[in-house]
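Remarks on the overall topology
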Amino acid sequence: MTTPMTISKVSRRGFLASAAASLAVLATPALALTDAQAKSLVDRAVADINKVIASGKPLNSMIRDFEKIFSKYADVNIIARSALGPDARRLTSSQSRAYTKAFQGYIARKYGKRFNEFVGGQIEVNGVRKVKSFHEVKGTARLRGQAPFEVNFLVSDKSGSSKFFDMIIEGISLRLSEKAEIGAMLDKNKGDINALIAELKKAG
Amino acid sequence: MSSRVKLSFTTIIRPAALCAALLLSACGGANSVQRGLIYDPHEQNNRGTHEFNKAIDRALLSPASSGYGNVVPPEIRDRVGDFSDHLSLPNDVLNNTFQGNLAGAGNSAARFVINTVVGFGGFVDVASLFGMKRHDTDFGETLHVWGAEEGPYVELPFLGPSTSRDTVGVVVDIFFDPFFVVLKEPTSYLSPAAYVVNAMGTRYDYQETVDSLLYDSADSYAQARILYLQNRRFQLGIDSVPGEGEEGFDPYDDPYDDF
């Protein structure tokens, strides 16, 4: 009597262990972003960016294209909120929408303007590593007449879909540089969010 | 007579810079700076210098650069850039050696020889054309490798953003530059002259970027500071350690944690 009992105990434990293991294996890709997914996001974004650079379109249409790429591949919401810092929590939902929209246009104008400096250039994606809860996709930008430089993207799926929330060029984080700038703009407007939104619409 | 006066100036400056470097390395430990932090106790003075630098840019550098860029074609400007880089190679050999980076020192030395011989005295960076990577360095990096802390942020007149460690580095780089030490006047001023002319070329090539930073930013001082510190720490390979730098300026802080 005791023997079958032991066997069943062992096999039940064995089953549970293997079930847990297979669940963990199955669950990983579903619950967390993989290196490959993060890299593929940046691959697609970079392909779109390279297409805009190569198009040689007039600047204004390049800026519009860049805004589309930015809103498609970047988590604009978290970049905008983190640029504003803790003040973002006291926004009403309509203020929050207006601020994020103004921020997106400002970024598109400010960085899209640079696109004619990139004409003839190319960004290539080289690798990816996991950092904390997100992924860093490493790339190299090769621009005409310049030494190649490092461009990295930080990718997370915490927004619900995988998006990049920062771009780091030779150590310079877009998100943190904009945090300093938006902070300065808010100070200049004496903490008035609506005035900040109005200024952002014109800036960049 | 005048050359003797200048000679005594450099003989004073060199030991003074060295003493400052040693002093800084020795007492640097007191104010440890992490990647995520901005340490700027002299902000008020720095802001004064920043306004001075902007005035210099508006009155001198920007117009001179536009003139230079408009008159001198890019092919020639690139040659000046290569030559200016070339003249800094002996200093790179020294600093790579000081840092124990013998591969970098060998690379810089080989580069100097190659570009001198095949690159028309350094006017053409042949080594780069062959894909040879440059091991660009400076005495500020040497101090970092020796264990000196970054110290407070400093904006230097004419030279712009720096830190107290890199300020010592710049002074040593200028006055201990092998060319400056070995060559006689006025040839010894060749390297600083090439540097200034090249700086005008750079100012011209990045005109939009520089103008937008200096004149369109809500706070150009704070922008220059954050851009410089991030880039300099990246150059020196100061990577953030998870759990450190909670002061809000670590790019690897997870912004999703805040919301």
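From a predicted model like this one, the values you see are computed outputs, not experimental measurements.

The next point concerns the interface of chain A and chain B. Taken together, the 26 residues of chain A in the interface contact 22 residues of chain B. Partitioned by chemical class, the residues of the side of chain A that touches chain B number ten nonpolar, seven polar and nine charged.

Counting 47 residues, the largest nonpolar core has A:Val42, A:Phe103, A:Val155 and A:Phe164 as its most contacted members. Top contributing element to this core by residue count: helix α2 (residues 35–55) of chain A, with eight residues. Once you skip the residues sitting within four places of it in the chain, A:Phe164 turns out to touch A:Leu41, A:Val42, A:Tyr73, A:Ala74, A:Phe153, A:Leu154 and A:Val155. Membership of the second largest hydrophobic core comes to ten residues, among which are A:Ala180, B:Val154, B:Tyr221 and B:Ile226.

The next subject is helix α4 (residues 89–98) of chain B. All names here are of chain B. Inspection of α4 places Leu89, Asn91, Asp92, Val93, Asn95 and Asn96 among the buried residues, and these make up the whole buried set. Looking at the buried residues of α4, the elements they touch are α3 (74–87), α5 (102–117), α7 (139–145), α8 (164–175) and α9 (178–182). Phi turns positive one or two residues past the end of α4, at glycine 100, with a value near 75°.

Moving on: the environment of A:Arg129. Here A:Arg129 shows up in strand β1 (residues 122–131). A C-alpha to C-alpha distance of 39 Å links A:Arg129 and A:Lys188, two positions 59 residues apart in sequence.

What follows covers unusual backbone geometry. All names here are of chain B. Cis geometry is found at the peptide bond from glutamate 185 to proline 186, where omega equals 0°. Mapped onto the elements, proline 186 comes out in the loop between α9 and α10 (190–205). Here phenylalanine 120, not a glycine, exhibits a phi torsion of approximately 55°, which is positive. Within the element layout of this structure, phenylalanine 120 appears in the loop between α5 and α6 (126–129). Here phenylalanine 120 falls in the partly exposed class, since 13 other C-beta atoms lie within 10 Å of it.

All names here are of chain A. A sheet is described by the order of its strands in space; here five strands give the open sequence β1-β2-β3-β4-β5, paired in antiparallel fashion. Each edge of the open sheet carries a strand with a single partner, namely β1 and β5 (172–173). Where strand β4 (residues 163–169) and β5 come together, two bridges link them in antiparallel fashion. Its bridge partner being in β5, isoleucine 169 is matched across the sheet by isoleucine 172.

The next subject is the packing of α2(A) against helix α3 (residues 59–73) of chain A. Residues and elements named next belong to chain A. Where α2 meets α3, the closest approach of the two axes is 10 Å, and the angle between their N-to-C directions is 175°. If you check the angle between α2 and α3, you find them roughly antiparallel. Of α3, the residues touching α2 (which contributes Leu41, Ala45, Asp48, Ile49 and Val52) are Met62, Asp65, Phe66, Ile69 and Tyr73. Within the contact of α2 with α3, the residues separate by chemical class into eight nonpolar, no polar and two charged.

To continue, consider the packing of α3(A) against helix α5 (residues 93–112) of chain A. All names here are of chain A. Running from N to C, α3 and α5 point in directions that differ by 125°, and their axes come no closer than 9 Å. As judged from the angle between their axes, α3 and α5 are oblique. Where α3 crosses over α5, the handedness of that crossing is right-handed. Contacts between α3 and α5 pair Met62, Ile63, Phe66, Glu67, Phe70 and Ser71 from the former with Gln104, Gly105, Ile107, Ala108, Arg109, Tyr111 and Gly112 from the latter. Among the residues making up the contact of α3 with α5, the classes are represented as seven nonpolar, four polar and two charged.

So, about the pairing of strand β1 (residues 153–156) of chain B. Residues and elements named next belong to chain B. Of the pairings in the sheet, the one linking β1 to strand β2 (residues 160–163) comprises four bridges and is antiparallel in character. Bridge assignment links tyrosine 153 to a residue of β2, and that residue is threonine 163. Turn length for the β1-β2 hairpin, with the two strands adjacent in sequence and antiparallel, is three residues, and the turn residue phenylalanine 158 shows positive phi of about 70°.

Turning to the confidence of the model for chain B, a few remarks are in order. Residue and element names in this part refer to chain B. With 82% of its residues at a pLDDT of 70 or more, chain B has an overall mean of 85. pLDDT under 50 marks residues 1–9. Its contacts with residues more than four places away, or in other chains, come to one contact. Of the two predicted TM-score estimates for the complex, the pTM is 0.83 and the ipTM is 0.80.

What follows concerns the pairing of β4(A). All names here are of chain A. For β4, the buried fraction is high: six of the seven residues fall into the buried class. Two strands pair when backbone bridges link them, and strand β3 (residues 149–156) and β4 are joined in this way by six bridges, in the antiparallel orientation. Looking across to β4, one finds that valine 151 is bridged to isoleucine 169.

All names here are of chain B. Mapped onto the fold, threonine 167 is located in helix α8. Threonine 167 sits in the partly exposed class, given 19 other C-beta atoms within 10 Å. The spatial distance from the C-alpha of threonine 167 to the C-alpha of glutamate 43 is 16 Å, given a sequence separation of 124 residues. Threonine 167 has contacts with Val154, Leu156 and Ser162, leaving out every residue within four places of it along the chain.

Cut-offs applied
Residues numbered from 1 in each chain as written. Chains lettered and ligands numbered in written order. Predicted model: local features only at pLDDT ≥ 70, side-chain atom pairs only at ≥ 80, totals over all residues. Contact = placed C-beta atoms within 7 Å. Nonpolar A, V, L, I, M, F, W, Y, C, P; charged D, E, K, R; others polar. Core = buried A, V, L, I, M, F, W, Y, C linked by C-beta atoms within 7 Å. Buried ≥ 20, exposed ≤ 12 C-beta atoms within 10 Å, placed from the backbone. Helix = DSSP H or I, 4+ residues; strand = E, 2+ residues; numbered from the N terminus. Pairing = 2+ DSSP bridges. Axes fitted to C-alpha atoms, helices over the stretch in contact; angles between N-to-C directions. Parallel < 35°, antiparallel > 145°, perpendicular 65-115°, else oblique. Left-handed = near helix turned anticlockwise from the far one by under 90°. pLDDT = per-residue confidence, 0-100.

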